[in-house]
Amino acid sequence: MNYWLVKQEPEDYPWTALVKDRRTAWSGVRNFQARNNLRATKKGDRILYYHSGDEKQVVGIARVARAAYPDPTAAEGDWVCVDLAPLKAFKQPVTLAVIRAEPLLKCILLVRQPRLSVIPLAKAEFERLLELGRTRDA
């Protein structure tokens, strides 16, 4: 299993909308590095859902329900999307400030490349974020 973090503006598609919808196509990624990360996902991989914008915090755990396939929202180019399904909300959201202060997490791409929307995580990083969020994997 692989571990990832995806970023989303909460005013565009908050965690609560994913929970309500039960599943969504994660489409619209137009960055080559993020696209390559989406291509590397596998069904069942764990995804941490991060609210960007003013909130800047990890709020939930999702899973890849369908691995990469052609993005139907792309008018041209070789873009992909994946389907995400929610697993559980974090008991305590983990803010970017907490992440930056945590020795194990201070070098993750969320900190080093803040504009990247799909970020790989090591298992230890994923597990530490769960601990900080007082949450267990589903």
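Owing to the predicted nature of the structure, the values given are computational and were not obtained by experimental measurement.

A.B. asks: Could you give an account of the sheet that holds strand β5 (residues 80–95), naming the residues involved and the relevant values?
C.D. replies: An order of β2-β5-β4-β3-β1-β6 is seen for the 6 strands of this open sheet, with the pairing classed as mixed. Unpaired on one side and paired on the other, β2 (24–26) and β6 (118–121) mark the two borders of the sheet. Across this sheet, the average inter-strand angle for adjacent strands is 40°, counted without regard to direction. Pairing analysis gives 6 bridges linking strand β3 (residues 46–51) to strand β4 (residues 57–70), with the strands arranged antiparallel. By the bridge assignment, L48 is partnered in β4 with I61. This element, helix α5 (residues 123–132), spans β1 (3–8), β3, β4, β5 and β6 of the sheet and lies at about 45° to β5.

A.B. asks: Outline the pattern of salt bridges, listing residues and values.
C.D. replies: Under the defined criterion, the tally for this structure stands at 7 salt bridges. A salt bridge links R39 to D78; the shortest N-O distance between them is 2.4 Å. Here the residue R39 occupies a position in helix α2 (residues 32–39), and D78 occupies one in the loop between β4 and β5, the gap between them amounting to 39 residues. We note a salt bridge from D137 to R46, for which the minimum N-O separation is 2.8 Å. Pair noted here: D137 is in the segment after α5 and R46 is in strand β3, with a separation of 91 residues, a long-range link. Put simply, E102, R128 and E131 are held in one network by salt bridges that share partners.

A.B. asks: Tell me what's going on with the nonpolar core, and back it up with residues and numbers.
C.D. replies: Membership of the largest hydrophobic core comes to 39 residues, with the highest contact counts inside it found for W26, L48 and V58. Sequence-distant contacts of L48, defined by excluding residues within four places in its chain, comprise W4, L5, V6, V58, G60, I61, F90, L121, F126, L129 and L130.

A.B. asks: With reference to specific residues and values, describe a positive patch on the surface.
C.D. replies: A grouping of K88, K91, R134 and R136 is seen on the molecular surface, where their side chains present a positively charged patch. Position of R134 relative to the elements: it lies in the segment after α5.

A.B. asks: Could you give an account of unusual backbone geometry, with specific residues and numbers?
C.D. replies: Within the chain, R22 stands out as a residue other than glycine whose phi angle is a positive 70°. Mapped onto the elements, R22 comes out in the loop between α1 (15–21) and β2. What makes R22 exposed here is its relative accessible area of 67%. Within the chain, K56 stands out as a residue other than glycine whose phi angle is a positive 50°.

A.B. asks: I'd like to hear about the packing of aromatic side chains, residue by residue, with values.
C.D. replies: With the rule as written, the count across this model stands at 4 aromatic pairs. Between W26 and Y49 the ring centres are 5.7 Å apart and the planes differ by 75°, which places this aromatic pair in the edge-to-face class. Of this pair, W26 sits in strand β2 while Y49 sits in strand β3, and the two are 23 residues apart along the sequence. Here W26 and Y49 have matching classes, each one buried. Put simply, the rings of W15, W26 and Y49 touch in pairs and so form one group of aromatic residues. Stacked on the ring of W79, the Lys or Arg R35 has its end atom at 5.5 Å from the ring centre.

Procedures and definitions
Residues numbered from 1 in each chain as written. Predicted model: local features only at pLDDT ≥ 70, side-chain atom pairs only at ≥ 80, totals over all residues. Heavy atoms only, no water. Pairing = 2+ DSSP bridges. Helix = DSSP H or I, 4+ residues; strand = E, 2+ residues; numbered from the N terminus. Axes fitted to C-alpha atoms, helices over the stretch in contact; angles between N-to-C directions. Contact = heavy atoms within 4.5 Å. Salt bridge = Lys/Arg side-chain N within 4 Å of Asp/Glu carboxyl O. Core = buried A, V, L, I, M, F, W, Y, C linked by side-chain atoms within 4.5 Å. Buried < 20%, exposed > 50% of the residue type's maximum accessible area, 1.4 Å probe, protein only. Patch = residues over 30% accessible without salt bridge, like charges linked within 9 Å, V, L, I, M, F, W, Y side chains within 5 Å. Areas by Shrake-Rupley, 256 points an atom, 1.4 Å probe, with all protein chains shown as cover. Lys, Arg positive; Asp, Glu negative; His and termini not counted. Charge placed at Lys NZ, Arg CZ, Asp CG, Glu CD. Phe/Tyr/Trp six-rings, centres within 6.5 Å; stacked < 30°, edge-to-face > 60°. Lys NZ or Arg CZ within 6 Å of the ring centre and 35° of its normal.

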